[in-house]
Amino acid sequence: MTVSIRVLFAASEVYPLVKTGGLGDVGYSLPHALHRAGADVRLVLPAYRTVLAQVENIRILGWLEVRGAKRTHSVRILEVRHPDFAFPLWLVDCQVLFDRPGNPYVRADGQDWPDNAERFTVFARAVTDLARDVLGIHWQADVVHANDWQTGLVPALLGEFPHPPKRIFTIHNMAYGGHFSLADFNRLALPLHWWTHEGVEFYGGFSMLKAGIVYADEVTTVSPTYAREICTSEFGYGLHGVLQVYRHKLHGILNGIDEAVWDPATDAYLPAHYSANRRQPGKALNKQALLARFGMATDDLAMQVPLFGMVSRLVQQKGLDLVLAALPHWLAHTDARFVFVGSGDSKYEASLCEFAVGYPHRIGVCIGYDEALAHLVEAGSDLFLMPSQFEPCGLNQMYSLRYGTPPVVYRTGGLADTVIDASMEHQTQGIANGFVFDKFDVETLIATVERAIACYDQPRLWQALLRTGMKHSFGWEHSAQSYLALYRATSSK
Ligand code: ADP
Ligand code: GLC
């Protein structure tokens, strides 16, 4: 009998318990893909208030004494059996740090929680203890897979012990570095020998993201193109030099999507179902429901003209400046309608709301986080707008492809790796699935949307495009095997 590889997967977000973006989706779907591939998985995340409110079947695994900022916390480790998870969840329960309302990283006013350095150091220390079976439960990790800056200290902390498990660190977004001060570093009593240019020091403070990059055995990021991009100053957020040094252990592995959660043939959030081979009437019924949801007309004309959808964190990364600058042109020169679902920077929220008030028949806006509506936008729109300035992987464009809603994207990161432009050549080859532009400016976005509308107006071309996108498999199987191969490979350090 072969013994399964034991993987401790650490993330600060896990769908459906807590999610602010794609990390939450991956925190759910990748461990499941690893489990399906035979790994013995434990998934560990902080016991935020919102998570505790959603779980039953809790067992106390034990208590850990964990060093925080000039104090020691008694941390409870809870094991949860949850119907949506095929393996046990471990929750790091430290009330003073995690039992708070709302978002995992920011307060209601949008400012970071002031003690984030302590919160995620305590989380990382608890993960390290669990990996080493400090609780004595006879489960010791062969591999610890840490994700993003919130778990960046895990590889570094594990390196303080002899014979650590294999340490994998995945970068989901270089824009979020987990940067903190020297004072935090001292208060947290982090090992002084880390404080070097080659260690965690970063412009006078320290970076948890850098810690993950430097001390992990293997570093991955979520698409091959982004793996190349982050080694350049344009995308590296000051860490491109470090990434160049560690190029030999950096791998781009494309995210998959959960094809059970995101399936237009079974999606419980949709009023009507459809599939690649039987798109109507389901797709049109979703469009109608989406228009109605925003109080927009659902007459023949409204059903004929293209409807663009966008679901996004409203931050600069997502190309909102381009979209807002292009909207007046689209309102004046096309019949298209638009729906936006998102939350984030208040300036983007306010501008979108102004458009919705000025053009209620053409533009629908929902500010907030709404999982059900996100699914309806993917299904009910004709085209999906995702002109991100950079995009490590992006999941929304894959959801939209699967839902027969061709995306309009800028050629960057994972968007470049998943969307194939509807050029004449690609159409002839039968591989086109969306619209890709190469120059990040308003004129080029406008020209690309014009091209997309022209294609929408040619039913045969349009249906071929939809079919290609819907039939492609974006599942995790292949990428899960790539991770397992990395877990098993001899370290390239
Ligand atoms: P990112 O992780 O950078 O936000 P991704 O495309 O990888 O981008 O993933 C975004 C995920 O978050 C998708 O599942 C998307 O549907 C979801 N999402 C983003 N904003 C909202 C929102 N306002 N309401 C519901 N879901 C949202
Ligand atoms: C980040 C990135 C996004 C990626 C997601 C999951 O939030 O911005 O591109 O898809 O992580 O890896």
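Parameters and conventions
Residues numbered from 1 in each chain as written. Chains lettered and ligands numbered in written order. Predicted model: local features only at pLDDT ≥ 70, side-chain atom pairs only at ≥ 80, totals over all residues. Heavy atoms only, no water. Pairing = 2+ DSSP bridges. Helix = DSSP H or I, 4+ residues; strand = E, 2+ residues; numbered from the N terminus. Axes fitted to C-alpha atoms, helices over the stretch in contact; angles between N-to-C directions. Domains from an automatic or database assignment. Contact = heavy atoms within 4.5 Å. Buried area = accessible area lost by both parts, 1.4 Å probe. Salt bridge = Lys/Arg side-chain N within 4 Å of Asp/Glu carboxyl O. Polar contact = N/O pair within 3.5 Å; in protein donor to acceptor, adjacent residues only side chain to side chain. Nonpolar A, V, L, I, M, F, W, Y, C, P; charged D, E, K, R; others polar. Near = heavy atom within 4 Å. Areas by Shrake-Rupley, 256 points an atom, 1.4 Å probe, with all protein chains shown as cover.

### Here we look at the sheet that holds strand β14 (residues 337-344)
Across the sheet, which stays open at both edges, the 6 strands sit in the order β15-β14-β13-β16-β17-β18 with parallel pairing between neighbours. Each edge of the open sheet is held by one strand with a lone partner, namely β15 (363-367) and β18 (435-437). This sheet shows a mean twist of 20° between the axes of neighbouring strands, independent of strand direction. Of the pairings in the sheet, the one linking strand β13 (residues 307-314) to strand β16 (residues 383-386) comprises 2 bridges and is parallel in character. Its bridge partner being in β16, F308 is matched across the sheet by L383.

### Some remarks on the domain arrangement of the protein chain
Looking at the assigned domains, one finds that the protein chain contains domain 1 (6-256 + 477-491) and domain 2 (282-471). Domain 1 and domain 2 are separated by 33 Å when their C-alpha centres are compared. Counting residues at the interface gives 21 residues for domain 1 and 19 residues for domain 2. For the domain 1 and domain 2 pair, buried surface summed over both sides reaches about 1,400 Å², with 56% attributable to carbon and sulfur atoms. The three residues of domain 1 that bury the most area against domain 2 are K19, T225 and L254, which together make up 24% of that side's buried surface. Connecting domain 1 to domain 2 are 1 salt bridge. One salt bridge connects E371 with K19, and the closest N-O pair in it is separated by 3.3 Å. The interface formed by domain 1 and domain 2 includes 9 residue pairs in polar contact (both at pLDDT 80 or more). Put simply, the parts of the chain that give the side of domain 1 that touches domain 2 at least two residues each are α1 (22-36) and α8 (224-229). Broken down by class, the residue content of the side of domain 1 that touches domain 2 amounts to 10 nonpolar, 8 polar and 3 charged.

### Structural notes on the site of ligand 1
If you check the shell around ligand 1, you find 22 residues, and the closest are G22, D25, R313, K318 and G368. Within the backbone of G368, one N or O atom sits 2.8 Å away from a nitrogen atom of ligand 1. L395 has a polar backbone atom sitting 2.9 Å from an oxygen atom of ligand 1. For ligand 1, the accessible surface in isolation is 560 Å², of which the surrounding protein chains cover 94%. If you list the elements that add at least two residues to the shell around ligand 1, you get α1, β13, β14, α14 (371-380) and α15 (396-402). At 3 residues, the largest contribution of residues to the shell around ligand 1 is made by β13. Here the shell around ligand 1 is built from residues that sort into 7 nonpolar, 8 polar and 7 charged. Both domain 1 (6-256 + 477-491) and domain 2 (282-471) contribute no fewer than three residues apiece to the shell around ligand 1.

### So, the site of ligand 2
The full set close to ligand 2 counts 14 residues, and H172, N255, E391, C393 and G394 are the nearest of them. Interatomic distance of 3.2 Å between a side-chain N/O atom of N173 and an oxygen atom of ligand 2. At a separation of 3.4 Å, an oxygen atom of ligand 2 approaches a polar side-chain atom of Q317. The fraction of the free accessible surface of ligand 2 (310 Å²) that becomes covered by protein chains is 94%. Looking at the shell around ligand 2 element by element, the count peaks at 3 residues for α1. Looking at the shell around ligand 2 residue by residue, the class counts come to 6 nonpolar, 6 polar and 2 charged.

### Points about the sheet that holds strand β8 (residues 179-180)
Ordered by their spatial adjacency, 3 strands build an open sheet running β8-β10-β9, and the pairing between neighbours is antiparallel. Of all strands in the sheet, those with a lone pairing partner are β8 and β9 (201-202), marking the two edges. As judged from the 2 bridges shared by β9 and strand β10 (residues 205-207), these two strands associate in the antiparallel manner. Pairing of E201 across the sheet is with F206, part of β10. Those strands touched by helix α7 (residues 208-215) are β8, β9 and β10, and its axis lies near 55° from that of β10.

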